[in-house]
Amino acid sequence: MGKLRALFMGTPDFAVPCLEMLVKEGYYITAVVTQPDRPKGRGQKLANSPVKETALAYNLPVLQPESIRTDDFYNQITALAPDIIIVVAFGQFLPKRILDIPAYGCINVHASLLPQYRGSAPIHWAIINGETITGITTMYMDVGMDTGDMILKAELPILPTDTTGSLHDKLKDLGAAVLADTLNQIAAGHAPRHLQNEAEATYARMLDRATERIDWHQPAVALHNLVRGLNPWPVAYCSFQNKSMKIWKTNVYDESQPCTEPGRVVQITKEGLVVGTGKGTIELLEVQPESKRRMKASDCVCGYCLTVGNLFE
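Our subject in this report is the structure included herewith.

Quick notes on the rules
Residues numbered from 1 in each chain as written. Predicted model: local features only at pLDDT ≥ 70, side-chain atom pairs only at ≥ 80, totals over all residues. Heavy atoms only, no water. Phe/Tyr/Trp six-rings, centres within 6.5 Å; stacked < 30°, edge-to-face > 60°. Helix = DSSP H or I, 4+ residues; strand = E, 2+ residues; numbered from the N terminus. Buried < 20%, exposed > 50% of the residue type's maximum accessible area, 1.4 Å probe, protein only. Lys NZ or Arg CZ within 6 Å of the ring centre and 35° of its normal. Contact = heavy atoms within 4.5 Å.

## What to know about the packing of aromatic side chains
Taken as a whole, this structure holds two aromatic pairs when the rule is applied. Ring centres of W216 and F312 lie 6.0 Å apart, and the angle between their planes is 45°; this geometry places the pair in the tilted category. Separated by 96 residues along the polypeptide, W216 in the loop between α7 (209-212) and α8 (220-229) and F312 in the segment after α9 (297-303) bring together distant segments of the chain. F312 carries the same exposure label as W216, and that label is buried. Ring plane angle 35° and centroid distance 4.9 Å describe the contact between F240 and F312, whose orientation is recorded as tilted. Here F312 lies in the segment after α9 and F240 lies in strand β12 (residues 236-240), a separation of 72 residues in the sequence. Here F240 matches F312 in class, with each residue buried. Taken together, the ring pairs connect W216, F240 and F312 into an aromatic cluster. In this arrangement the basic side chain of R97 is found over the ring face of Y74, its NZ or CZ atom lying 4.5 Å from the centre. Sitting over the face of the ring of Y140, R193 holds its NZ or CZ atom 4.0 Å from the ring centroid.

Given below as structure tokens:
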């Protein structure tokens, strides 16, 4: 058969390569559904989502419902008669009656190797938890949270230098490639379908302010992974002299050196400063004092007269 009539649903930058792939491969895109424009920046002006910007650039019709559970939206989608609905980081759960519209089902591109890291923040948590491998999974959607039958998977190593930002950029491109292969196999009638093993399922819960705060009693390795996993958003932080201090980049200085007081500065280095943790020491390389710009930790040492013995909380 020819190319499927596709309805695309997505919102952030992660979804853009998938949409661009559909356009370049010649799929007929009935519409692009994305979240409503939201206030952004200091001026809080309404801004288009990255997916909307891409759709407008290709002159694709855009729908932006506040809720996809209304009768009006359901009727709109039904009238568009898509063969398949493709969902990539859209931001709303699809109700069953929408899942049932397309003959070839609703396909999701998820940034983990399911059933591990179901949920909203799989890239963040893979790095925070110190994983060395992640990947992309395409699946047939059902009413659960990332519980549908899997179609294809592709693995990607997590490098020691990776942050959520760098891994995100690699995974979004891999996602487009896996989606292209998935759609070809669906159209040809031989796409695989694998049940997820519920016993192996883990969840990548939403990030909150408590997750972002550094607990210096944790091991240095765990804190280093937390900093990587929260870079570039929302960024790990601690307190110094009753003010917030964001921590952008670190290095595990020593994995096992005992420390009498976690959070205490034990050494000043050429690159920054070394802080004691619950197990080992961690070197702060890039920081951002409250209401200041991001800077090298060595500059912060000079500008704020940081010395051995100072305490981060």
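## Focus: α8
The buried fraction of α8 amounts to eight of the 10 residues, a majority that puts the element mostly inside the structure. If you check which residues of α8 are buried, you get A220, L223, H224, N225, L226, V227, R228 and G229. Lining the buried residues of α8 we find α5 (122-128), α6 (164-188), α7, β12, β13 (243-254) and β16 (281-289).

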